[in-house]
Amino acid sequence: MATSAAGAVVILGSGLIGRSWAMLFASGGFEVKLYDIEQQQITNALENIKKEMKLLEQSGSLKGALNMEQQLSLISGCSHLGKAVEGAIHIQECVPENLELKKKIFAQLDRIVDDTVILSSSSSCLLPSKLFAGLTHVKQCIVAHPVNPPYYVPLVELIPHPETAPATMDKTHALMKKIGQSPVRLLREIDGFALNRLQYAIISEAWRLVEGGILSPNDLDLVMSDGLGMRYAFIGPLETMHLNAEGMVNYCDRYSEGMKRVLKTFGPIPEFSGATVEKVNQAMCRKVPDDPGHLAARRQWRDDCLMRLAKLKSQVQPQ
Ligand code: NAI
């Protein structure tokens, strides 16, 4: 394994997300130590990363300035937590989404880390105030929530604990930029963070429209994939407003009454149960049968599409 001038990063948990982080940090030239309680998970992760990187190199999609061999030589497995964290600049926790498990791991880390390493959780929805409560090193703690698959979808939400030091946020932001990700700062924690709050707002109205018999499930999905989603891959909803009139102020002048009128017609939070689940499920299963083989093939197709989109975005939006 090679050492790196960029520094060493520990990935704690070598599952789906841990593997992606390992590849991203290696692409940024960091030495990566993969830790897991299951030795077999580390072995599988190292094999899987090698396979993935080969495919990425063949398709010209490998990230970073280093070649595949150089990146692979930066990644190694480690089954001793104390040894893994020695000298690390950043620890990215990627164990299953379970508050008690994560709290136990951060308490364990709290006892062995120095005052400089960043303690970062990949949690999708656990609040930093719960995850990091009572830790001595709370100033160094942050949630860095990636989006699946992180190698192609660069967004990372950074969420501080109320006592997280501003320097921790700044350092993590800089680190994410260095590995080619697109970090956003939440200035304080909120349930669902930003991405899932937006996602749930969309799911909620999608469900109401289908439940109300306004659109079929497949047409509803087309509204996003061939409509809003096309635009949102490049500009967000606020810039869309700015461009869809003569600037933001003009958009609000023109459309705020209409938006408020429509928003008042939104229904209550759906139950996501009963006949509507059956209806949506039938439509989805006709398109993608829900056995593991078909689901995996469709996910692979989705990831290929995202890889191409990521390439296109890097061409049209040079960093
Ligand atoms: P996973 O189940 O694929 O991997 C978890 C890994 O943690 C396994 O290899 C397991 O052996 C290991 N592990 C369990 N207990 C451990 C311990 N005490 N010490 C060290 N390793 C331990 O989980 P996945 O999907 O990678 O998720 C990890 C985190 O990332 C979760 O918090 C999840 O919410 C978050 N996340 C997941 C996304 C997804 O789409 N899967 C997207 C964004 C965030």
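Every value quoted in this text rests on a predicted model; they were computed, and no experiment measured them.

## Observations regarding the site of the ligand
- In the region of the ligand, 24 residues are neighbours, and D36, Q41, E97, K102 and S124 sit closest.
- One of the backbone nitrogen or oxygen atoms of G15 is found 3.5 Å away from an oxygen atom of the ligand.
- A distance of 2.6 Å separates an oxygen atom of the ligand from a polar side-chain atom of Q41.
- Within the complex, the protein chains bury 78% of what would otherwise be the 830 Å² of accessible surface of the ligand.
- When contributions to the shell around the ligand are tallied by element, the ones reaching two or more residues are helix 1 (16–27), helix 5 (99–112) and strand 6 (141–146).
- The biggest single contributor to the shell around the ligand is helix 5, with three residues.
- Considered class by class, the residues forming the shell around the ligand number eleven nonpolar, nine polar and four charged.

## Focus: the UniProt feature "domain: 3-hydroxyacyl-CoA dehydrogenase NAD binding" (unreviewed entry) in the chain
- Within this numbering scheme, the UniProt entry marks residues 9–188 as carrying the feature "domain: 3-hydroxyacyl-CoA dehydrogenase NAD binding" (unreviewed entry).
- Span residues 9–188 is 42% helix and 22% strand, its end C-alpha atoms 25 Å apart.

Reading the values: rules and limits
Residues numbered from 1 in each chain as written. Predicted model: local features only at pLDDT ≥ 70, side-chain atom pairs only at ≥ 80, totals over all residues. Heavy atoms only, no water. Near = heavy atom within 4 Å. Polar contact = N/O pair within 3.5 Å; in protein donor to acceptor, adjacent residues only side chain to side chain. Areas by Shrake-Rupley, 256 points an atom, 1.4 Å probe, with all protein chains shown as cover. Helix = DSSP H or I, 4+ residues; strand = E, 2+ residues; numbered from the N terminus. Nonpolar A, V, L, I, M, F, W, Y, C, P; charged D, E, K, R; others polar. UniProt positions renumbered as here; feature names shortened; annotations may be inferred.

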